[in-house]
Every structure is written in C-alpha cells, then in structure tokens.
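Below, each chain spelled out in residue letters.
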Amino acid sequence: TEAVGLYNVGQTCCLNSLLQVFLMNIRFTGILRRITVPPRAVQKRRNVPYQMLLLLETMQRGKQKAVFPTDLTCCLSIHGVKLFVQYDAAQLFLTLWNLIKKQMTKLELVEELRYLYTICVQEHLACQKCSFETKRYSSMVTLPLPLLDSSSYMLKTLEDCLQYFFQPEELTDQNMCFCEQCGRKTPFLQSMKLVHLPQTLTIHLKRFCFEKSTYIHKLSHYLPFPQDLDFNAVLTENQCAADDIEKAGWQYELFAVVAHSGSTNCGHYCAYIRSLTECKWYCFNDSEVCQVSWDDVKCTYGHYNLHW
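The structure displayed is predicted, hence computed values, not measured ones. (Residues numbered from 1 in each chain as written. Predicted model: local features only at pLDDT ≥ 70, side-chain atom pairs only at ≥ 80, totals over all residues. Heavy atoms only, no water.)

Participant: Please clarify how the sheet that holds strand β6 (residues 169–171) should be interpreted in this entry.
Facilitator: Within a beta sheet, neighbouring strands are joined by backbone hydrogen bonds and run either parallel or antiparallel to one another. Ordered in space as β4-β3-β9-β6, the four strands form an open sheet in which the pairing is antiparallel. One side of each edge strand has no neighbouring strand; the edge strands of this open sheet are β4 (133–140) and β6. Here the average twist between neighbouring strands, direction ignored, is 25 degrees. (Pairing = 2+ DSSP bridges. Helix = DSSP H or I, 4+ residues; strand = E, 2+ residues; numbered from the N terminus. Axes fitted to C-alpha atoms, helices over the stretch in contact; angles between N-to-C directions.)

In structure tokens form, the structure reads like this:
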C-alpha cells in the first residue's frame with residue numbers, strides 16, 4: 001500500500017525514475033507477471049523482464065522505504081547499460097523497452113507490449129511540380145516533440161508542440177528530393193499523419209538540443225502541459241489518418257512525468273507518478289518518496305532554478 005523508493009547505486013537516478021514509471025503502470029506489470037521464467041540461473045541473471053519482475057516483488061512484499069535494484073542494474077550492465085554514466089531519459093527508455101521486448105519469449109506478450117506503447121504514423125511526401133507522391137507507415141515508442149519552431153522561437157504549450165510536430169514542411173533549396181516522375185530534384189511537401197495511439201502514450205520533450213553542431217544546450221523555458229489531453233481537439237483532420245473508432249480512444253490522463261534538473265553536464269532526474277490504484281501523485285526521488293499535489297507536479301513545467 002506504500003510507495004517504495006529505489007536506492008541510487010551509481011548515478012542511477014535516471015534509471016530509477018524510469019523503472020518507477022514502468023512498475024507503477026498496472027497494465028505493464030500485468031504483462032510482466034505472465035512472462036516465462038528462464039530455466040537456468042545464468043539465463044535469469046541476463047533476463048531483463050525477469051529481473052524487473054523480481055524487483056517488483058521485492059518492492060511489494062518488503063516493508064522498507066526503499067530497496068536496492070542491484071541485481072537488475074547488474075543484468076542491464078551485461079547488455080551495455082553501465083553505472084556511473086549520465087543518461088538521457090528518452091534514450092534510456094528506448095533501450096529498456098527494446099531489451100524488454102527482445103527478451104520476452106511469448107509472442108502474445110510482445111504484441112500486448114507493442115499495443116501498450118507503440119505509436120503508428122503515416123509519412124507522406126508529395127512533389128510540388130507534379131502529382132507524384134509516396135506514403136509509408138512507421139512506428140515509434142515515443143513522440144519526440146520539439147520545443148522550438150523553425151525560426152527558433154519557443155513554443156508555449158504542449159498543444160503547440162504537438163501541432164508543430166504534425167505541421168507539413170516544405171522541402172526546398174538544399175532539402176529538395178529526387179522526383180521519379182520529373183526525373184530531377186524538385187520541391188516536396190513532407191507531412192506526417194497520426195494513425196494509431198497506444199494505451200500508454202510516451203511524449204518526449206526535446207529539451208536537449210545541439211548548437212553549432214557539437215555543443216549540447218538545455219532548453220529550460222516554461223512549458224505547461226495539461227492533466228487531460230484529447231488529440232481530437234488538438235490536431236486537425238488533415239493531421240490524422242484514422243477512423244472514428246480509433247480516434248475515440250485518443251483521450252489521455254497524465255500518469256507520470258520524468259523531469260531533469262540541472263545542466264547538461266551535471267543534473268538529476270526524478271519522477272512524479274500518479275498511482276492508478278489510489279489516484280494520488282507521488283514524487284520518486286531515488287530512495288525518497290513522498291505524496292505531492294498537482295501544484296507540486298507543475299514545477300516540472302520548467303525554469304532555470306528547478307528544485308524538487
């Protein structure tokens with residue numbers, strides 16, 4: 001009944017925050033509990049879903065305020081996720097998700113995992129000189145939203161970021177594409193349409209950006225996001241390629257926020273998560289866990305002097 005923290009075992013604040021988001025998602029743990037247990041000890045030590053399940057059980061049966069995720073971190077290190085390294089949360093999330101999917105042996109669980117997290121979009125390219133066009137479908141696990149527009153102006157809300165992400169872009173000058181029908185490079189219109197959204201939608205706010213090709217800069221400006229998000233109210237008909245049945249499920253309630261404080265060179269992650277069983281918000285700061293209010297969660301909207 002009590003939220004349990006995770007001890008930091010070597011700059012693992014980012015990993016701890018992501019693990020809490022996975023393990024507080026009852027749809028994910030419902031899949032995790034049905035995995036096939038590896039038969040041999042060496043396979044168990046190398047299997048990420050199994051080690052996550054053991055960690056979940058340790059957290060749920062223990063009465064201590066926090067537990068050590070040592071066995072899981074050792075398992076992840078076998079697969080290249082090392083300790084004492086500062087990770088980007090979006091990148092580490094994709095690494096964890098791919099390891100989990102790859103090591104699940106039951107095909108039905110892999111499909112459930114895909115349905116739980118995978119976004120499907122239709123990419124569209126149209127020549128502006130003739131009628132030639134191409135379409136292809138692609139999938140992604142996170143929706144990577146830019147915080148700046150093409151003129152480097154700051155976008156002001158999450159809804160603005162979504163609209164900009166799905167806004168058509170003209171490919172001209174150096175960015176022209178080869179048109180098979182015209183037989184030469186021509187201006188193209190590039191657009192993306194939303195086809196399918198998962199049960200758990202993961203949005204990645206791209207606060208880390210490159211400047212002058214090598215320098216990584218953090219965008220700490222204020223960007224509010226709502227507790228409830230209806231994609232039908234944000235995107236236009238031209239930005240969607242789905243039927244009414246699919247779009248009926250495009251309404252979301254905020255479940256978790258993984259937030260970074262500090263600079264690109266030295267920072268700290270923690271997670272704000274709403275318990276799906278209690279409907280209460282908690283702040284998971286490694287081994288420290290406390291109940292918080294929605295006003296507390298708003299500190300993750302961003303500013304230069306962020307304090308938990």
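Anyway, onward from the coordinates.
Participant: Quick question: what am I supposed to make of the packing of helix α4 (residues 48–61) against helix α5 (residues 70–78) here?
Facilitator: Relative orientation and spacing of two packed helices are given, respectively, by the angle between their axes and the distance between those axes. Two elements in contact, α4 and α5, have axes whose closest approach is 9 Å; the angle formed by their N-to-C orientations is 170 degrees. Here α4 is positioned roughly antiparallel relative to α5, judged by the angle of their axes. Here Val48, Gln51, Met52 and Leu55 of α4 come into contact with α5, specifically with Asp71, Leu72, Cys75 and Leu76. (Parallel < 35°, antiparallel > 145°, perpendicular 65-115°, else oblique. Contact = heavy atoms within 4.5 Å.)

Participant: I would appreciate a short explanation of the side chain of Thr12 in the present structure.
Facilitator: You can see Thr12 is positioned in the loop between β1 (5–6) and α1 (13–23). Owing to a relative accessible area of 3%, Thr12 belongs among the buried residues under this scheme. Leaving out residues up to four positions away in the same chain, Thr12 has contacts with Tyr7, Thr73, Leu83 and Asp286. (Buried < 20%, exposed > 50% of the residue type's maximum accessible area, 1.4 Å probe, protein only.)

Participant: Help me out: how do you make sense of the environment of Leu125 in this one?
Facilitator: Within the secondary structure, Leu125 is located in strand β3 (residues 119–127). Put simply, Leu125 and Val48 are 77 residues apart on the chain and 39 Å apart in space, counted from C-alpha to C-alpha. Sequence-distant contacts of Leu125, that is, excluding residues within four places in its chain, are made with Phe132, Glu133, Thr134, Leu171, Phe188, Leu189 and Gln190.

Participant: Explain the pairing of strand β18 (residues 288–292) here, please?
Facilitator: As a general feature of sheets, a regular strand has side chains that alternate between the two faces. Judged from the five bridges that link them, strand β17 (residues 281–285) and β18 form a sheet pairing that is antiparallel. In the sheet register, Tyr282 faces β18, and the bridge partner there is Gln291. Between β17 and β18, which pair antiparallel in sequence order, lie two residues; one of them, Asp286, sits at a positive phi of approximately 55 degrees.

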